[in-house]
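The residues making up each chain are set out below.
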Amino acid sequence: MNTTPELLAPAGDMESLIAAVENGADAVYFGANIFSARAFAGNFSVDGIVNAIDYAHLRGVKAYVTVNTLIKDSEMDNAINLLYQLSEFGADAVIIQDMGLLSKVKELSIDIPIHASTQMTTHNIGGVKFLEEMGVKRVVLAREMSLDDIKDIKKNTNIEIETFIHGALCISYSGQCLFSSIIGGRSGNRGHCAQPCRKKYKLRENGNVVRTDGEYLLSPKDLNTTAILPQLIDAGIDSFKIEGRMKRPEYVAGVVQTYRRLIDRYMGDPSEYFVTKDESMRLAQLFNRGFTSLYFLGMPRTDLMSRKKPYNRGIPIGTAIGYDLQSGRMRVDLSGELNTGDGIGIEDGAVETGEVVYNMYEDDMKINHADAGMVVDILSDTQIRTGSTVYKTLDKTLMESLQKTFKSTIPIRKIPVAITAKAVAGEPFELKIEDIDFNMVHLKSKYMVEKAVKNPTTKEQITQQLTKFGNTVFDIFTINVNVDDDIFIPISQLNDIRKDAVSRLDNTRVAQWRRIPHARYNSMMSYPADEDRADKKPVLAVSVDSMRDVNNAISGGADVVYLDSEFIQYEDKTDIETATEKIHKAGRKIYFDTPRIVKDSKRVLVKDIFHMAKILGADGVVVSNSGTFKYAKKMGLEIILDSPFNVFNKNSLDLWTKMGAKMIVLSPELTLDEIWKIAPFGNTECIVHGRLELMESEHCIVGGMYGGACPEPCKENDFELVDEKRYTFPIKMDSDCRMHVLNSKVLCMLDDIPKIIESGVSSIRIDAKSIDDEDVETIVRSYRNAIDKCFENGGKNFVTCKELTKDATKGHYFRGVT
């Protein structure tokens, strides 16, 4: 028998939280004003968090608080103190992204359950087990998981699993997107994503524009799992998460209400599961960019993207059949209901407009409601063309009906209670109220029950007064009143003891979740002095993906070479052996790289890479996810922890160093000043040259253009995206058909090598995989000279970035991220 999954709803503000609770959510998640991955939601102040948690707990709903951004060292104490506060307030869990913050929860034994955010990009059994060993209670899996992936994880781990079931989607693996931060300084890892995936792009193949069905090439549809909900329940997923902290409360109310009904319908009788047309239409009306079931049933290919519209489509409501210039009315042949006050969108070729229906007519008679099949005239400034589609983007009647669920002073969600009362002459009146969760209040009045002189108080009168619960959250399901004959109790006494009991039960239901307060935390962190930092020359590492660049890296003066996983997996073993021998013969080190994403179905490839590293005598491996890290550690390999781990602070550095990482690559979103604070505390590397990878996506936009089997044009051709400002972003597809979007500009820090060395980093990396082969040796040699000259009487490197690359950027080294 399946366990009913938790229905987890978003709350961007208090009104949305009420909407979620009143419409059937089992749990809600919301953010504080700081450290929330939805920084532009309303979010909650400290007092607001207390009220939100208490509101939820009073009604039997769990409250999870998001602290799911990367944390700077300067912010860490505040983040820790926030966790202490959330523990004291009784939050049921916090949702965390930053591994440094997670390590402090464990180190300080902060008494609060931890849920690992989807921003951690957890996507394999090893990664889930790693977090389980870290004390995490629940993992929010990457959205790119299939049902088979989830079943395998559930079968092989002992941790709660949460997945998204409805709402907006990211085209990139969450936690692995630098697009917004690189082009505008607003980091998705810090809750400030500017959503560049919802912008227009052109696709170019070998420099020529490819004709595409729409220009919003990175904009996915919205997730909708109503059709496959039984399969998700059968997979054993513990929590079903609805996205939408940026959405209005009516959206939250309607989506929660629908999924509540569907979950209960299936759990009541699996053989009778269905989704009504009205339920489907309601979800579409609330918000949709088109719907997809994502990767649950396999690769969605052409079914994933919303290339024509990156915003709410609404639902088709009719077709324009004319426009009268004199009266300013458009005539519409309706295919569905329309009311004044509804919002409509008009699709007129490439032009789309939106407006509210204020005046509507049938045969020159003003009307407020029209049914499907009617032809109506709508007063509008939009000179619509005949044949244009009209959409209803907002249904006023639906909005008003949903508002009633969270704006009414009368609660919808009730807690059943049992009442027992006893009235005996000469004794205090006794009242006991017990709720369905076994919380109980037992009171005795100071007032002594009297013998009646003439008008005795009846059992019915006592029952009537005790059941006047009004607008409280309690609902009586049983009442048992034992009354002596001929007694008298003033009505005011009955009212007073009932109010007192209800108030105490309120407090009991809320207070039981509170935890012991903790003194304010202060780490008193100090940093090594400048003179203690730059006494050791950093190594120069180069990432390569071809034998030619292995040679270029060696001849250019690299100390370390990272051999790309694609080269290792698909080139002849003798080439890899040759590369390893060449590098070692030159007195350099070689590390075998591994993919950022390694699903369990492909873990044999990583296993092969590790075994090859052992056999060929590679100096170690480069890993990019916690599952791969766990396996490399088990095999006793030297590990370089790569940038996808988002190491953003000293605590993260400490954690991974203690875990056994030999070298830790710092987040490319850190500034040089922030690196200065972290670097001396461990062996750190920063990337100084190359095209930074802005995102990795399970979806290939090139392959997604084909309905059937993809002809793999990426193997022979070069593709790139061009944005509205004409910036060009190269895209690469790997052997698993995942798409990698690279920055339009080449990162170049050659001019600032002395400052980087002064920061105390142990290694400086050039990513040569996206550099033309003929330029690699020159670039490596330039950095080699720059490093060496810093240790030769303060000499200066005379080659500059302008000479090295025509279109360079310094990334975040001097501007940072919000």
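In this report, we go over the structure that sits alongside the text. (Residues numbered from 1 in each chain as written. Predicted model: local features only at pLDDT ≥ 70, side-chain atom pairs only at ≥ 80, totals over all residues. Heavy atoms only, no water.)

Details of the sheet that holds strand 8 (residues 201–205)
Strands belonging to one sheet form pairs held by backbone hydrogen bonds; the direction of such a pair is parallel or antiparallel. Strand order in the open sheet formed by six strands is 9-8-37-38-39-36, and the pairing between neighbours is antiparallel. Where the open sheet ends on each side, the last strands, each with one partner, are strand 9 (208–210) and strand 36 (693–697). Strand after strand, the sheet turns through a mean of 30° between neighbouring axes, direction not considered. (Pairing = 2+ DSSP bridges. Helix = DSSP H or I, 4+ residues; strand = E, 2+ residues; numbered from the N terminus. Axes fitted to C-alpha atoms, helices over the stretch in contact; angles between N-to-C directions.)

Remarks on the packing of aromatic side chains
The geometry of two aromatic rings is summed up by the distance between their centres and the angle between their planes. According to the stated counting rule, one finds eleven aromatic pairs in the structure shown. Ring geometry for Phe 179 versus Phe 729: centroids 5.1 Å apart, planes at 55°, classification tilted. Here Phe 179 is found in helix 7 (residues 179–184), whereas its partner Phe 729 is found in strand 38 (residues 728–733), with 550 residues between them in sequence. Of the two residues examined, Phe 179 and Phe 729, each falls in the buried class. With 5.1 Å between their ring centres and 75° between their planes, Phe 629 and Trp 656 make a pair best called edge-to-face. Here Phe 629 is found in helix 18 (residues 626–634), whereas its partner Trp 656 is found in helix 19 (residues 650–659), with 27 residues between them in sequence. Given the relative accessible area of 1%, Trp 656 is considered buried. Three or more aromatic residues joined by ring pairs make a cluster, and in this case those are Phe 130, Phe 629, Phe 645 and Trp 656. Geometry around Tyr 251 places Lys 247 over its ring, the cationic atom sitting 5.0 Å from the centre. Here the guanidinium or amino end of Lys 650 rests over the ring plane of Phe 681, the centre of that ring lying 4.8 Å away. (Phe/Tyr/Trp six-rings, centres within 6.5 Å; stacked < 30°, edge-to-face > 60°. Buried < 20%, exposed > 50% of the residue type's maximum accessible area, 1.4 Å probe, protein only. Lys NZ or Arg CZ within 6 Å of the ring centre and 35° of its normal.)

So, helix 12 (residues 459–466)
Within the span of helix 12, buried status applies to Ile 462, Gln 465 and Leu 466. In a view along the axis of helix 12, the buried residues occupy a sector of 95°, so they form one face of it. (Arc of directions from axis to C-beta.)

Some remarks on helix 3 (residues 76–89)
For helix 3, which comprises 14 residues, the first-to-last C-alpha distance of 20 Å matches the rise-based estimate of 20 Å (1.5 Å per residue) to within 8%. Of all 14 residues in helix 3, eleven are buried, a share of seventy percent or more. Those residues of helix 3 not exposed but buried are Met 76, Asp 77, Ala 79, Ile 80, Asn 81, Leu 82, Leu 83, Tyr 84, Leu 86, Ser 87 and Phe 89. Next to the buried residues of helix 3 lie helix 2 (46–58), strand 3 (62–67), strand 4 (93–96), helix 4 (99–108) and helix 19. With its phi angle positive at about 95°, Gly 90 sits one or two positions after the end of helix 3. (Expected span 1.5 Å × (residues − 1). Contact = heavy atoms within 4.5 Å.)

Describing unusual backbone geometry
With phi around 55°, Asn 206 is a residue other than glycine that occupies positive phi space. By the secondary structure assignment, Asn 206 is in the loop between strand 8 and strand 9. On the accessibility criterion, Asn 206 (42% relative accessible area) is partly exposed. One non-glycine residue with positive phi stands out, namely Arg 301, at about 50°. Looking at the secondary structure, you find Arg 301 in the loop between strand 12 (291–292) and strand 13 (315–324).

Some points on the pattern of salt bridges
Tallied over the entire structure, the rule returns 50 salt bridges. For the salt bridge of Asp 500 with Arg 504, the shortest nitrogen-to-oxygen distance reads 3.0 Å. With Asp 500 and Arg 504 both in helix 13 (residues 491–511) and four residues apart, this pair spans about one turn of that helix. Among the residues examined, Asp 500 registers a relative accessible area of 33% and is labelled partly exposed. The class for Arg 504 is partly exposed, based on a relative accessible area of 43%. A salt bridge links Asp 736 to Lys 602, with the shortest nitrogen-to-oxygen separation between them at 2.2 Å. One end of the pair, Asp 736, is in the loop between strand 38 and strand 39 (739–742); the other, Lys 602, is in the loop between strand 31 (589–593) and helix 17 (603–616), with 134 residues separating them in the sequence. Asp 736 gets classed as partly exposed once you look at its relative accessible area, which sits at 21%. Judged by relative accessible area, which is 30%, Lys 602 ranks as partly exposed. (Salt bridge = Lys/Arg side-chain N within 4 Å of Asp/Glu carboxyl O.)

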